[in-house]
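Geometric and topological summary
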Amino acid sequence: MSRSPMFAMSILSSALLLAISAPAWAQSHAGHAMTPPRSADAPTVAAETVDHGEMDHGEMDHSKMDHGAMDHSQMDHAKMDRSAMDHGQMDHAKIDHGSVDHSPTDHARTDHGAPDHSTMDHAAMGHGPTKPPARNDPREPIPAVTDADRIAAFPPIDHGAMEHAPDLHSLLLVNRLEHWDGQHGNGQAWEASGWIGGNIHRVWLRSEGERSGGRTEAADVEVLYGRSVSPWWDVLVGVKQDLGRGDSRTWAAFGVQGLAPYKFETSATAYVGEGGQVAATVEMEYELLLTNRLILQPLVEATFTAKDDPRYGNGSGLNKVEAGLRLRYEVNRRFAPYIGISHERLFGDTAEYHQAAGERARDTRWVAGVRVWF
């Protein structure tokens, strides 16, 4: 019985010591707003009464803390002093971050100045360098246009020093300069035309002929005045002189020439000669471009007379038709060799006059020549 007072005093001292240490233990863990498991009779300390400034986090053993049960909704991050927290001694490997409820956390009031970003791996975080936005404004301001700039851009024009195109132009085209080989012999032939003048008024020179057996069988020269009546047609008037074996006549010439629809080069000329004889020649050509340099040129020419003229071997009506097909290659635009075939046929009284003289009424010829212009 003598020990009962001492035993009762010891129990009372332990209960008092336990009552005093329980609020201190609750205060040390309330800084993180944790709700540790406690018994039903453990005392509860309000989070508002805890002074986090006096807490020493360096000596806290976080490895035994259960962050899954932490209630962050009661934490006031604005009042937390992270600079005084020693995170070096925290064992984060044992912290269960998956159970932490961060949704109520007020990050606007969190002090992020303390974390050390030099040790962070930004490449793994997906924060690579960003491309600066493109600038639409010029690097240097555009100066205003001055009178000196306008004068430099548009200097005064000295019309007296300007070179104008000449009023006179000229062209000489040798359309056919060829050697032919026919059924009744061989020979040479030519057809050429040229002009000199302006865009409206021109003087034309035309000539064609044929040689066989070393002498000129037939030839003519025309000198004509031409006036443009449309962008594609000229009206001609002038004289024609026939040359050749036993043939020397002068004709007055009237005609038109130009480019018909579908690009047919057309020439039609009427001649009035001695004794009221009237003759006409119609010629039509077309250029078919197989390539830019390879050109196929078909040609048709027909002659007519109004009266019989046995002295020159011409009958009335259609006298002769010549059709040819020539293929040329333009080495350049001024020079083009060609090969082809030509067929001539006489009609009516003209054919009879030539047959009576021992000549044939038709002939097919192979031709080879050159086309040039200057």
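What counts and what doesn't
Position numbers for residues start from 1 in each chain and track the written sequence from start to end. Whole-chain, interface and lining totals are the exception, using all residues; otherwise, since this is a predicted model, local features are given only for residues with pLDDT of at least 70 and side-chain atom pairs are given and counted only at 80 or more. Hydrogens and waters are ignored; side-chain quantities use all the structure's heavy atoms. Buriedness for pockets is judged along seven lines, at least five of which must meet protein on both sides within 12 Å for an open set on the 1 Å grid over protein atoms alone, while cavities are sets there where a 1.4 Å probe fits but cannot get out, and lining residues have an atom within 4 Å of a point. Grid points are joined across faces, edges and corners, and a volume is the space filled by probe spheres set on the points. Gly counts as polar in this scheme, as do all residues outside two lists: the nonpolar Ala, Val, Leu, Ile, Met, Phe, Trp, Tyr, Cys and Pro, and the charged Asp, Glu, Lys and Arg. When DSSP finds two or more bridges between a pair of strands, those strands are recorded as paired. By the criteria applied, helices consist of DSSP H or I runs no shorter than four residues and strands consist of E runs no shorter than two, each listed in order from the N terminus. Across the chain, each position has a pLDDT score giving the predictor's confidence in that residue, from 0 to 100. Whether two residues are in contact is decided by their heavy atoms: any pair within 4.5 Å suffices. Each reported salt bridge corresponds to a side-chain nitrogen of Lys or Arg within 4 Å of a carboxyl oxygen of Asp or Glu. Under the scheme applied here, a residue whose accessible area is under 20% of the maximum for its type counts as buried, over 50% as exposed, and between as partly exposed, the area being computed with a 1.4 Å probe on protein chains only. Under the pairing criterion, centres of Phe, Tyr and Trp rings, with the six-membered ring standing for Trp, must be within 6.5 Å; the plane angle then separates stacked pairs below 30 degrees from edge-to-face pairs above 60, leaving the rest tilted. Throughout this description, the term charge over a ring refers to an Arg CZ or Lys NZ atom that lies within 6 Å of the ring centre and within 35 degrees of the ring normal.

Observations concerning empty space enclosed by the protein
As enumerated under the stated definition, the model contains two cavities of 30 Å³ or more in all. Computed from the structure, the second largest cavity encloses a volume of approximately 30 Å³. Lining the second largest cavity are Asn175, Gln297, Arg326, Arg328, Tyr338 and Arg371. Of the residues belonging to the lining of the second largest cavity, the class tally is one nonpolar, two polar and three charged.

Regarding the pairing of strand E7 (residues 264-272)
As paired elements, strand E6 (residues 250-260) and E7 share nine bridges and run antiparallel to each other. Within the sheet, the bridge partner assigned to Gln257 lies in E7 and is Ser267. Connecting E6 to the antiparallel partner E7 that follows it, the hairpin turn spans three residues, and Tyr262 within it adopts a positive phi of roughly 70°. With eight bridges connecting them, E7 and strand E8 (residues 278-285) associate as antiparallel partners. Note on E8: the bridge partner recorded for Thr269 is Thr281.

Quick look at the confidence of the model for the chain
In this model, the chain carries an average pLDDT of 78, and 63% of its residues clear a pLDDT of 70 or more. Ignoring residues within four places in sequence, the model shows residues 82-89, a span with pLDDT below 50, making twelve contacts including any to other chains.

Looking at the pattern of salt bridges
Counting across every chain of the model gives 16 salt bridges. We note a salt bridge from Lys240 to Asp242, for which the minimum N-O separation is 3.8 Å. Put simply, Arg249 and Asp242 hold a salt bridge, and the shortest N to O gap is 4.0 Å. Here the two residues Arg249 and Asp242 agree in accessibility, since each one is buried. Linked through salt bridges whose partners overlap, the residues forming this network are Glu287, Arg328, Glu330, Arg333 and Arg371.

Focus on the packing of aromatic side chains
In the structure shown here, the tally under the stated rule is three aromatic pairs. Centroid distance Trp251 to Tyr271: 6.4 Å. Interplanar angle 70°. Geometry classified as edge-to-face. In this pair, Trp251 sits in strand E6 while Tyr271 sits in strand E7, placing the two residues 20 residues apart along the sequence. Judged by relative accessible area, which is 6%, Trp251 ranks as buried. Residues Phe264 and Tyr286 carry aromatic rings whose centres are separated by 4.8 Å and whose planes lie at 35° to one another, so their mutual orientation is tilted. With Phe264 in strand E7 and Tyr286 in the loop between E8 and strand E9 (288-289), this pair connects stretches of sequence that are 22 residues apart. The class of Tyr286 is partly exposed, set by a relative accessible area of 27%. Taking the ring centre of Tyr271 as reference, the NZ or CZ of Lys240 above it sits at 4.2 Å. Across from the ring centre of Trp180, 3.7 Å away, lies the NZ or CZ of Arg365, which sits over that ring.

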